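Overview (structure and organization)
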Amino acid sequence: MSKSIIKLTADGKLSIPEWSDQYEHIIKLIGEKCEIYEHVRPRRLYSVFKCKDTPDRKYPGRCISMLMDEEANYHDLPINPIASWLYEYDRHGNIIRGNVLFVGEMWTIDGLSFCALDDFAGLALLENLSKAISIFKELDKDCVFFNKEDSNV
């Protein structure tokens, strides 16, 4: 996992791209229509998945947050059911659309910055996301979110 982040597509596919703090690289990973990303701190990432919610100077990348397309609704991207669930859409009705990136956070002299995921935190998150995708695919019997033929998880 070293020097990596996690990408979750709207159709439930996970990948582990290499981290780069270059803006163009980040928006390209999020999606071809992305021009600006939004930093999101989904509650269930911390309450259910037990990810660290506060950056720690000793462990850069152990605190995790999510990056998404700021204008995903305008781009009419597909709903990302896992990211939406993490964001508690069932409580407030706001969904997440398109691909999302899970990135680490760290303190720098300029303040909070994004970084690669800490190996420990990244592997734990990857396991939790894999389980969540399996559960969501099993529950999605009408194939509202996931293609029935897609059994890559």
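Preceding block: the structure.
The text that follows walks through the structure, step by step, so that each part is easy to find. (Residues numbered from 1 in each chain as written. Predicted model: local features only at pLDDT ≥ 70, side-chain atom pairs only at ≥ 80, totals over all residues. Heavy atoms only, no water.)

A short note on helix α1 (residues 23-30)
- Of all the positions in α1, only I26, I27, L29 and I30 are classed as buried. For α1, the buried positions fall inside an angular range of 155 degrees around the axis, keeping them on one side. Residues E24 and K28 are exposed on α1 and point more than 90 degrees away from its buried face.
- Of the surrounding elements, those touching the buried residues of α1 are β1 (6-8), β3 (37-40), β4 (63-69) and β5 (100-108). (Buried < 20%, exposed > 50% of the residue type's maximum accessible area, 1.4 Å probe, protein only. Helix = DSSP H or I, 4+ residues; strand = E, 2+ residues; numbered from the N terminus. Arc of directions from axis to C-beta. Contact = heavy atoms within 4.5 Å.)

Digging into the packing of aromatic side chains
- Counted according to the given criterion, the structure contains four aromatic pairs.
- Ring plane angle 65 degrees and centroid distance 6.0 Å describe the contact between W85 and F136, whose orientation is recorded as edge-to-face. Taken together, the positions of W85 in helix α3 (residues 81-86) and F136 in helix α5 (residues 119-139) put the pair 51 residues apart, joining distant regions of the chain.
- Chaining the aromatic ring pairs together yields one cluster made of Y23, Y37 and F114.
- Of note, R62 hangs over the ring of Y59, and the distance from its end group to the ring centre comes to 4.3 Å. (Phe/Tyr/Trp six-rings, centres within 6.5 Å; stacked < 30°, edge-to-face > 60°. Lys NZ or Arg CZ within 6 Å of the ring centre and 35° of its normal.)

Description of the pairing of strand β6 (residues 111-115)
- The sheet contact formed by β5 and β6 spans five bridges and is antiparallel. When the sheet's bridge partners are listed, T108 is paired in β6 with G111. (Pairing = 2+ DSSP bridges.)

Remarks on the state of the cysteines
- On inspection of all chains with the given rule, the structure shows zero disulfides.
- The structure places no disulfide on C51, whose sulfur is separated from the nearest cysteine sulfur, that of C63, by 8.8 Å.
- On the basis of relative accessible area, C51 is assigned to the buried category, the value being 12%.
- Looking at C115, it has no disulfide partner, and the nearest cysteine sulfur is the one in C63, 8.8 Å off.
- What makes C115 buried here is its relative accessible area of 7%. (Disulfide = S-S within 2.5 Å.)

Concerning unusual backbone geometry
- Unlike most non-glycine residues, K50 shows phi in positive territory, near 65 degrees.
- Position of K50 among the secondary structure elements: in the loop between α2 (43-47) and β4.
- Although it is not a glycine, D76 sits at a positive phi angle of roughly 55 degrees.
- Among the structural elements, D76 can be located in the loop between β4 and α3.

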